[in-house]
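# Per-entry structural report
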Amino acid sequence: MSISEPTPSIGLTTLSRTVASLAVTVVHTLERAVVGEGRMRTARGNAWEAVCADRARADRRAELDRLVAELTAARAAARRQQRERQPVG
């Protein structure tokens, strides 16, 4: 009697992992060739870009808040002037 071991089969998961791994390798190699070694994106670079984007967003938000405050003050002043001009009685 011979004991035959089951033949390993390639499943869908194994195939998709292999394709994904090859795609990542190709993209990484292509990026290295196109942009050069010194300009490749890194986790540190991505984090710094995120910090800069957050700062820029905060600056824009502060500018918008300032403009809204100016408009609110101008509208309140205009209403005050309008009330002062209306005749009483």
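See the structure printed just above.
In this report, the structure presented in the accompanying data block is examined.

The rules behind these values
- Numbering of residues begins from 1 in every chain and follows the order in which that chain's sequence is written.
- pLDDT decides what is reported in this predicted model: residues at 70 or higher carry local features, side-chain atom pairs at 80 or more are listed and counted, and totals for whole chains, interfaces and linings draw on all residues regardless.
- With hydrogens and water stripped out, all remaining heavy atoms of the structure feed into the side-chain values.
- Numbering of helices and strands runs from the N terminus, with a helix taken as a DSSP run of H or I at least four residues long and a strand as a DSSP run of E at least two residues long.
- Remark: exposure states derive from per-residue accessible area (1.4 Å probe, protein chains only) relative to the maximum for the residue type, with buried under 20%, exposed over 50%, and partly exposed in between.
- Only the protein chains shown count as cover for residues, and the accessible areas themselves come from Shrake-Rupley with a 1.4 Å probe.
- Patches here are clusters of residues that have more than 30% relative accessible area and form no salt bridge, with a 9 Å joining cutoff for like charges and a 5 Å cutoff for nonpolar side chains (Val, Leu, Ile, Met, Phe, Trp, Tyr).
- Here, a salt bridge means any side-chain nitrogen of Lys or Arg that lies within 4 Å of a carboxyl oxygen of Asp or Glu.
- Positive charge is attributed to Lys and Arg, negative charge to Asp and Glu, and no charge count is given to His or to the chain ends.
- For the purpose of locating charges, the reference atoms are NZ of Lys, CZ of Arg, CG of Asp and CD of Glu.

Moving on to the overall build of the protein chain. Within the protein chain one finds 2 helices and 0 strands. Residues classed as buried in the protein chain amount to 1% of the 89 residues present. Counting only carbon and sulfur atoms, one obtains 60% of the accessible surface of the protein chain, whose full area is about 8,600 Å².

All right, on to a positive patch on the surface then. On the surface, Arg75, Arg79, Arg80 and Arg83 cluster together into a patch of positive charge. Turning to its location among the elements, Arg83 is positioned in helix H2 (residues 43-85).

This paragraph deals with the pattern of salt bridges. On inspection of all chains with the given rule, the structure shows 3 salt bridges. Here Asp54 and Arg57 are joined by a salt bridge, their closest N and O atoms 2.3 Å apart. Highlighted residues: Asp54 and Arg57, both in helix H2, separated by 3 residues, approximately one helical turn. The partly exposed category is assigned to Asp54, whose relative accessible area is 44%. For Glu63, the salt bridge goes to Arg66, with nearest N and O atoms at 2.6 Å.

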